[in-house]
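So you can see what is in the structure, the chains are spelled out below.
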Amino acid sequence: CRLAPDTHVMPQMDARARLLRIEDTRRDEPALMDSLLRSADPVTRGAAALAVGRIGARGHAPVLRQLATDADSAVAANALFALGLLEDTASVGIAAAALHGDIARGREAAWLLGALGERGRAAIVAGLSDRSLPATTRGGLLLAAARLRPVPATTVAPLLASEDSALAWRAAYVIARGRGLAALRALFDQRHSAWSSVREQVARGAARSMPGDSLPALARETLRGLLADHEARVRVNTVRSLASYGAGERAAVLSALRDPDANVRVVAAQSLDAVLDSTAATWIAAFGADTTFAVRRAVAEGAARHGVDLVTGAGWRTSAEWQHRVAAAELDGLGPAVGAERRLDAWSRDADARVRAAAAVAYATLADSAAVRTLMRAGLRERLADSDVGVRTASLGGLTRGATTDDLAAALVSYHLSLLDGDNDARLAFWHLADTALARRAVLPDSLEARLSSLARPADPLERIAAAHIGRFASWRDSTGTARPLAWYEERARESLAPPPRLSILTEHGTLELLLFAAEAPLTVHNITELARRGYFDGQRFHRVVPNFVAQAGDPRGDGSGGPGYAIRDELNRRRYDRGALGMALSGPNTGGSQFFITHSPQPHLDGGYTVFGQLVDGDDVLDRIIQGDRIVRITVH
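Residues numbered from 1 in each chain as written. Predicted model: local features only at pLDDT ≥ 70, side-chain atom pairs only at ≥ 80, totals over all residues. Heavy atoms only, no water.

**Here's the deal with the overall build of the protein chain**
Step number 1: The helix and strand inventory of the protein chain stands at 32 helices and 8 strands.
Step number 2: Since a compact globule built from 638 residues should have a radius of gyration of about 26 Å, the 26 Å found for the protein chain is in line with a globular shape.
Step number 3: If you line up the protein chain on its principal axes, its C-alpha atoms span 70 × 65 × 60 Å.
Step number 4: Burial status across the protein chain gives 56% buried among its 638 residues. (Helix = DSSP H or I, 4+ residues; strand = E, 2+ residues; numbered from the N terminus. Rg over C-alpha atoms; globule rule 2.2 N^0.38 Å. Buried < 20%, exposed > 50% of the residue type's maximum accessible area, 1.4 Å probe, protein only.)

Shown next, in the form of structure tokens:
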């Protein structure tokens, strides 16, 4: 027997489906949106408020300001967050008042003030000094203060010694980013903090960019002590900061190449360029100290910058592994300009498109050298006819700086090839190049003018936005997309109201278990689960791992430029980038597809800019062991 439908849930689901259609198409339906914003159902009001911020519908801002005082806490919080997405400058007073509300309102009011920047400074500073506010609200205000320049260091510094770890690390985060002289001394006093999250920020704040003559000595002393910290994430930040002092910290950075943690060794390898000279023996020893490819790749790059060739001896130029040949091609772009064309020519004819794309990047690197600029730009123009979208995208990017009418003519041929691509990367790169070329040359040859005039209005909204930066195509500016059948959105709405799914990522080091936020990001969760169910991710690798920042995967090419052949809309929401947050990787707004990342540590600067659609609930130790190049065995949904 089938149960009768819930009379409360059914209207919610219909409203949710229609809101999802609005968010997916970015096409405001004013009458419908206004009725949903004023709905008697708080769930509907809250979802509508969030949708306004997501689609940038500023015309509904007055209603959002009313909803910021809604009796329902979740509705008010969504309205405050949406006003932050809109950067609504008329909301400063509303946000300041909401700081004294419940926890949800207070946190989003703080975020809104941070989004408003200097306009919110007075309210942020006043709130930080108000001990009557809940700790979560003050914590949000600390993160808001990190957006100010200069940061209110004298107000923040006393919170470094807070017994609340959440407040202490946020205060440390603010000061490490703001780098005020007096506050940095207070920060260094926390080098023995019981909380590793605070010590991470101490290490970060001790890098060699602070003012003064005496403070660097204290900073280096602090860092040398933290180099032995028992937490690897503290050591990662420590090695990066030590390297900023140059050759004087050579011994310390070299010692980190023997660290038991692989990601610390990767950072040490990446830092050698700053502390070593061109003595080949030292580079050879460092290269031989670790057989991990991510470490060796970093050492080889640093050596190349100092004129030391480690690639040839390692056999990467003739390796069957495409990753080795990609590294060799990229590093050839760091070599001397003389002979560059000969070095790169073979890579440009490699059978693997990823190697050819790396060669295009190397051509672009050398194109700034006066000695070979003409040759390198000619080489990039030749690459515009490549069958691979990644090669053409990299070549267009290399030509964009200083683009000429000759470059534009070649790019037009490439654009017509790109109309057959599944991914829009090369088409977007064309419009960026065209913008640069046309800005430099207002009058074009008649033949080129005719070819430009014949271009059809793109169906892709991202293309239209890129093209509309050019005056003659300004009328194309329209970010709306084509709607799917309402039934499709209704199914996504049902999924968003169901118990949230989980994602199990089996890696070489163990399993990462993630809870997915279908209620907050239904389209994103549906996208990732559908890809996982068809085995899209199985056998892929973590193509990008930045220690103590993110581990990123989801690229079928493996070089960072691949995707599923389509883009999905952002679903920015109130979830934060704490440790273990699952986010959608982007190359610009609304460009997500299949690449995702998991944060190693809190990354507040990503909040409200990238879709959070899940959270790591098991496998912390596995996440910390993953390094660039590690394999995903399979991903399952349950």
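That covers the picture; the talk isn't over yet.
**Re helix α9 (residues 135-145)**
Step number 1: Of all 11 residues in α9, 9 are buried; the element is thus mostly enclosed.
Step number 2: Of all the residues in α9, the buried ones are Thr-137, Arg-138, Gly-139, Gly-140, Leu-141, Leu-142, Leu-143, Ala-144 and Ala-145.
Step number 3: Close packing links the buried residues of α9 with α7 (103-116), α8 (121-128), α10 (153-156) and α11 (165-178). (Contact = heavy atoms within 4.5 Å.)

**Topic: unusual backbone geometry**
Step number 1: Residues Arg-149 and Pro-150 are joined by a peptide bond in cis, for which omega reads 0°.
Step number 2: Here Pro-150 is to be found in the loop between α9 and α10.
Step number 3: Positive phi outside glycine occurs at Arg-26, with the angle close to 55°.
Step number 4: Mapped onto the secondary structure, Arg-26 falls in the loop between α1 (9-25) and α2 (30-37).
Step number 5: The phi torsion at Glu-87 lies on the positive side, around 50°, for a residue other than glycine.
Step number 6: Within the element layout of this structure, Glu-87 appears in the loop between α5 (73-86) and α6 (92-98).

**Points about the sheet that holds strand β4 (residues 550-553)**
Step number 1: Strands sit in the order β3-β4-β6-β5-β7-β2-β1-β8 across an open sheet of 8 strands; the sheet is antiparallel. Only two strands of the sheet have a single neighbouring strand rather than two, namely β3 (544-546) and β8 (632-637). Looking at each pair of strands side by side, their axes are set apart by 25° on average, direction ignored.
Step number 2: Lying over the sheet, helix α31 (residues 522-533) contacts β1 (502-507), β2 (510-516), β5 (581-584), β6 (596-599), β7 (612-618) and β8, oriented at roughly 125° with respect to β8. (Pairing = 2+ DSSP bridges. Axes fitted to C-alpha atoms, helices over the stretch in contact; angles between N-to-C directions.)

**Description of the packing of α9 against α11**
Step number 1: α11 packs onto α9 with a crossing angle of 10° between their chain directions and a minimal axis gap of 8 Å. Between α9 and α11, the angle falls in the class roughly parallel. Across the interface between the two elements, Ala-135, Arg-138, Gly-139, Leu-142, Leu-143 and Ala-145 from α9 touch Leu-167, Trp-169, Arg-170, Ala-171, Tyr-173 and Val-174 from α11.
Step number 2: Split into classes, the residues belonging to the contact of α9 with α11 amount to 9 nonpolar, 1 polar and 2 charged. (Parallel < 35°, antiparallel > 145°, perpendicular 65-115°, else oblique. Nonpolar A, V, L, I, M, F, W, Y, C, P; charged D, E, K, R; others polar.)

**As for the packing of α5 against α7**
The relative placement of two packed helices is expressed as an angle between their axes plus a distance between the axes.
Step number 1: For the pair α5 and α7, the least separation of the axes is 8 Å and the interaxial angle reads 5°. Taken together, the axes of α5 and α7 are roughly parallel relative to one another. Where α5 abuts α7, its residues Ser-73, Ala-76, Ala-77, Leu-80, Phe-81, Leu-83, Gly-84 and Leu-85 lie against Ala-104, Arg-105, Glu-108, Ala-109, Trp-111, Leu-112 and Ala-115.

**Examining the confidence of the model for the protein chain**
Step number 1: In the predicted model, the protein chain carries a mean pLDDT of 95, and 98% of its residues have values of at least 70.
Step number 2: Across residues 1-7, where pLDDT falls below 50, the model places 1 contact with residues more than four positions away in sequence or in other chains. (pLDDT = per-residue confidence, 0-100.)

**Looking at the side chain of Asp-229**
Step number 1: Note that Asp-229 resides in the loop between α14 (215-226) and α15 (232-243).
Step number 2: Residues in contact with Asp-229, not counting those within four places in the same chain, are Arg-199, Val-234 and Arg-235.

**Describing helix α13 (residues 196-205)**
Step number 1: In terms of burial, α13 is a largely internal element, 8 of the 10 residues being buried.
Step number 2: Every buried residue of α13 is accounted for by Ser-196, Val-198, Arg-199, Glu-200, Gln-201, Val-202, Ala-203 and Gly-205.
Step number 3: Buried residues along α13 sit against α11, α12 (181-188), α14 and α15.

**A look at the pattern of salt bridges**
Step number 1: As enumerated under the stated definition, the model contains 47 salt bridges in all.
Step number 2: In this structure, Arg-107 engages Glu-108 in a salt bridge whose closest nitrogen and oxygen atoms are separated by 3.6 Å.
Step number 3: The class of Arg-107 is partly exposed, set by a relative accessible area of 30%.
Step number 4: One salt bridge connects Arg-325 with Asp-350, and the closest N-O pair in it is separated by 2.9 Å. (Salt bridge = Lys/Arg side-chain N within 4 Å of Asp/Glu carboxyl O.)

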